[in-house]
Amino acid sequence: MEKIVSLCKRRGLIFQAGELYGGLNGCWDYGPLGVELKRNLKDYWWRKTVQERDDVLGMDGSILTMQQVLKSSGHLDGFSDPMADCLLSKARLRADQVPEQDGTAVWYSGAKMADGWSTAREFAVLVAEGKDPASAKKVARQYYAQFMPDKKVSPKVLELIEDRQEEVKGTTRFNPENGSLLTEAKDFNLMFQTKMGASADDNDPNAIAFLRPETAQSIFVQYKNIHDSNRIKLPFGIAQVGKSFRNEINPRNYTFRSREFEQMEIEYFCHPDDGMRLTDEWLEARLCFYEEIGIPREKLHILDVPDGERAFYSKKTYDIEYEFPFGIQELEGVAYRTDYDLGVHQEGSGRQLEYFDEETKERFLPHVVEPSAGCDRTVLALICEAFDEEEITNEKGKTETRTVMHFSPKVAPIKVGIFPLLKKNEEQVRIAKEIQKTLQPWMTVFYDESGAVGRRYRRQDEVGTPYCVTVDFDTIGENGEELKGTVTVRERDSMQQTRMKVEELLPWMLEQIR
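All of the points below concern the structure found in this document. Please read these numbers as outputs of a predicted model, since none were measured by experiment. (Residues numbered from 1 in each chain as written. Predicted model: local features only at pLDDT ≥ 70, side-chain atom pairs only at ≥ 80, totals over all residues. Heavy atoms only, no water.)

## Some remarks on the overall build of the protein chain
Along the protein chain, the regular secondary structure elements total 13 helices and 28 strands. Over its C-alpha atoms, taken along the principal directions, the protein chain stretches across nearly 100 × 75 × 50 Å. For the protein chain, the residues scored as buried account for 49% of the 514 residues in total. A separation threshold of at least 6 residues defines the contact pool for the protein chain, and within that pool the share at least 24 residues apart is 65%. Just so you have it, the protein chain exposes about 25,800 Å², and 47% of that area is on carbon and sulfur atoms. (Helix = DSSP H or I, 4+ residues; strand = E, 2+ residues; numbered from the N terminus. Buried < 20%, exposed > 50% of the residue type's maximum accessible area, 1.4 Å probe, protein only. Contact = heavy atoms within 4.5 Å. Areas by Shrake-Rupley, 256 points an atom, 1.4 Å probe, with all protein chains shown as cover.)

As C-alpha cells, then:
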C-alpha cells in the first residue's frame, strides 16, 4: 500500500487536499492522471447503466439539501455514529469499531504529589494478557500529568492512587493503541450543516441546509417529476453520479473512507412482487461491470447481509467487497429498500407518490432496488488491482524491476503513448504529431520524444498506458517501401510489438478502448 500511495503522488494521480498547508484530513484532490482515471470510470458506468439501457434515466441533483427532506428520510434524527474519545491522546474513535480485547484493567481514582497537589479523576489502563499490570503506571502518569499545574515537572514524580485490578474479556472500553480508557460512547451526527441566505436567522429552521450525505434522496424527491415528464412505465431506474459529504469520525485507508466522496447510484423502481428477483439480477449486472473494468470476480466477495445487520427497511442487501491490501472492504451495496423511501417522503410532503398501472388498474407505492457504488473506492480498487512490479530481463541481459499498472484500456488515464524514434528526425516528428492530432479528439494521448524509447515505454507502463505507437525509420521508408507508412504498436502487458498502417490506428484503438 505504501508503494501505491507513493506512486499515486509521484505520477500525479492523487494528492492530499490542502497539502501545502499541512493537509485537510479525509479530503483528496485528483491530479491530471487521477482525474482521467476517475472520469473514464464514471463515463463507462454511465454508458453501461444509462445509455445502453432503455429502462434507466439520469439526473443530477443539488448538493445542498433542505432540512425537511432529511427529516423525512430519517437522516436528521438518526444519521450518526457512536463516538468515543481516548482520555489520554484525545483521539476520536468509532465506538462500534473498537476491537474486543482481553487483559487486566488497572483502575485509578486519582494522583497526588509531595507538595500537596492532587487530583481525583477516575482513569483505567488495559494491560494485555501476559504482561505485568505494573506497566499501566506509565500510561496513567501520562494521563494525570495533563492536570499538573507545572508542566515542566516530570510525570515520574506523581504518586498514583490505585483503586482496583480486574480481569476483563472482550472489552471495548479501551484504546487498542495505548490501553487508555475511552469516554462513554455518544452519537455523532455525520452531516455537514450550513445556512442559506445572507440574512439567515439562526432560529429560522427554513434557513438551515445540509451538504447531502448521499445522492439517493434527491432521486426519491424527484421521482414523480421524472416519471411524469418522461412517460415511462415501471420498472424503471433513475441514475446519478455525484458528490456526497459525511463528517467521518475517523477517515482512514487512504481514499477509501473520506469526508468528501463521489457515489454512482441507481434507484430502480418496481412492483412489490418483483423486488427480490430484481435485487439478484442487479447483483449479477454489477459483478459483470467490475469484471469489464478489470477487477476479476475472484477478487470480489459477496456478503449476504443477515437480518439483524441490515437497515430496518431493507428486505435484502448484498455487499460487494474487494480484497484491498488493507483488508476485504465494501465497494458497493445492492439493497432492496422496499417502499420505505417513497413512503416517508409521501408522508412528509403530503404529496401523492403512488403509481397507477394502466393495464392492471392497480395503484401502489413502488418498491426500490438500490445498487450504490462508491466511485472513489472503485478508483482505489482499480489502482490496487492494476499495480504490479515485475522482474524482467532488459536488452542488455540484466534483470530489472518494471513497475506497471495493468489498467483495462476502458479506464486507463492515457490510452496511447506516441513517440518518434528520434526527435532530431523531422519526418518522424511530423508523422508522430499528425498521429497525435488524429487520435486526440477521440481519446487521451501522450506525446513523448525525450530519452531512449525503452525509458519512454517504462514511463508509460508506470501510469498504465495500454498501447505505445512508435514512428521509426521503417515508417518513413528508409528501410524499403514494404513497411513505409506503418508504425510499431507495443502492447503494455505482453510487451509484444506489431506493425500497423497509420490509417488503421484510429479504428483499431477505438475498438480496444470501448
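## Looking at the packing of helix H2 (residues 32–51) against helix H10 (residues 375–386)
Running from N to C, H2 and H10 cross one another at 115°; their axes reach a closest spacing of 10 Å. As the angle between them shows, H2 and H10 are arranged roughly perpendicular. In the packing of H2 onto H10, the handedness of the crossing is right-handed. For the pair H2 and H10, contact is made by Leu-37, Lys-38, Leu-41 and Lys-42 and by Cys-375, Asp-376, Thr-378, Val-379, Leu-382 and Ile-383, respectively. Split into classes, the residues belonging to the contact of H2 with H10 amount to six nonpolar, one polar and three charged. (Axes fitted to C-alpha atoms, helices over the stretch in contact; angles between N-to-C directions. Parallel < 35°, antiparallel > 145°, perpendicular 65-115°, else oblique. Left-handed = near helix turned anticlockwise from the far one by under 90°. Nonpolar A, V, L, I, M, F, W, Y, C, P; charged D, E, K, R; others polar.)

## Focus on the sheet that holds strand E6 (residues 92–94)
What the three strands build is an open sheet, ordered E6-E5-E11; its pairing is antiparallel. Either end of the sheet is taken by a strand with one partner, and the two such strands are E6 and strand E11 (186–189). Neighbour-to-neighbour, the strand axes of this sheet turn through a mean angle of 50°, independent of strand direction. Relative to E11, strand E5 (residues 80–85) runs antiparallel, the two being bridged by four bridges. By the bridge assignment for E11, Pro-82 is matched with Asp-187. (Pairing = 2+ DSSP bridges.)

## Brief notes about helix H8 (residues 275–292)
Between the first and last C-alpha of H8 there are 26 Å, a value that for 18 residues agrees with the 26 Å anticipated at 1.5 Å per step. Buried residues of H8: Gly-275, Leu-278, Thr-279, Trp-282, Leu-283, Arg-286, Leu-287, Phe-289 and Tyr-290, and no others. Among the residues trailing H8, Gly-294 stands out with phi positive, at a value near 105°. (Expected span 1.5 Å × (residues − 1).)

## Side note on the sheet that holds strand E13 (residues 208–211)
Spatially, three strands are ordered E4-E13-E12 in an open sheet, and the strand pairing comes out antiparallel. Of all strands in the sheet, those bounded by a partner on one side alone are strand E4 (64–66) and strand E12 (192–195). Neighbouring strand axes in the sheet, compared pairwise and without regard to direction, differ in orientation by 40° on average.

## Notes on the pairing of strand E15 (residues 260–270)
In terms of burial, E15 is largely enclosed, as 10 of its 11 residues are buried. In this sheet, E15 lies alongside strand E14 (residues 236–245) in antiparallel orientation, the contact comprising 10 bridges. Pairing of Gln-240 across the sheet is with Glu-265, part of E15. For E15 and strand E21 (residues 367–374), the ladder comprises six bridges, and the chain directions are antiparallel. Residue pairing across strands places Phe-269 opposite Val-368, the latter belonging to E21.

## Some remarks on helix H9 (residues 340–349)
Turning to H9, its buried residues are Tyr-340, Asp-341, Leu-342, Val-344, His-345 and Gln-346. Two residues or fewer past H9, Gly-350 is found with a positive phi of approximately 75°.

## Quick look at the side chain of His-345
Its location among the elements puts His-345 in helix H9. A relative accessible area of 7% places His-345 in the buried class. A polar contact is formed between the side chain of His-345 and the side chain of Gln-217, at a distance of 2.7 Å. (Polar contact = N/O pair within 3.5 Å; in protein donor to acceptor, adjacent residues only side chain to side chain.)

## Here we look at the packing of aromatic side chains
Counted by the stated rule, this structure contains 23 aromatic pairs. Consider the rings of Trp-28 and Tyr-254, whose centres lie 5.0 Å apart with planes at 75°: the pair is edge-to-face. With a gap of 226 residues between them, Trp-28 in strand E2 (residues 28–30) and Tyr-254 in the loop between E14 and E15 connect regions that are remote in the sequence. Three or more aromatic residues joined by ring pairs form one cluster here, namely Phe-123, Tyr-143, Tyr-144 and Phe-147. (Phe/Tyr/Trp six-rings, centres within 6.5 Å; stacked < 30°, edge-to-face > 60°.)

## Some points on the nonpolar core
Tyr-290, Ile-293, Ile-295 and Ile-383 are the most contacted members of the largest nonpolar core, which totals 54 residues. Looking at this core, the element that brings in the most residues is H10, giving eight residues. Sequence-distant contacts of Tyr-290, that is, excluding residues within four places in its chain, are made with Ile-295, Leu-300, Ile-320, Leu-331, Glu-332, Ala-373 and Thr-378. (Core = buried A, V, L, I, M, F, W, Y, C linked by side-chain atoms within 4.5 Å.)

## Quick notes on the side chain of Glu-390
One can find Glu-390 in strand E22 (residues 387–393). The exposure class assigned to Glu-390 is buried, which follows from its relative accessible area of 19%. A polar contact is formed between the side chain of Glu-390 and the side chain of His-406, at a distance of 3.4 Å. When near neighbours in sequence (up to four residues on either side) are disregarded, Glu-390 contacts Glu-400, Thr-401, Arg-402, Val-404 and His-406.

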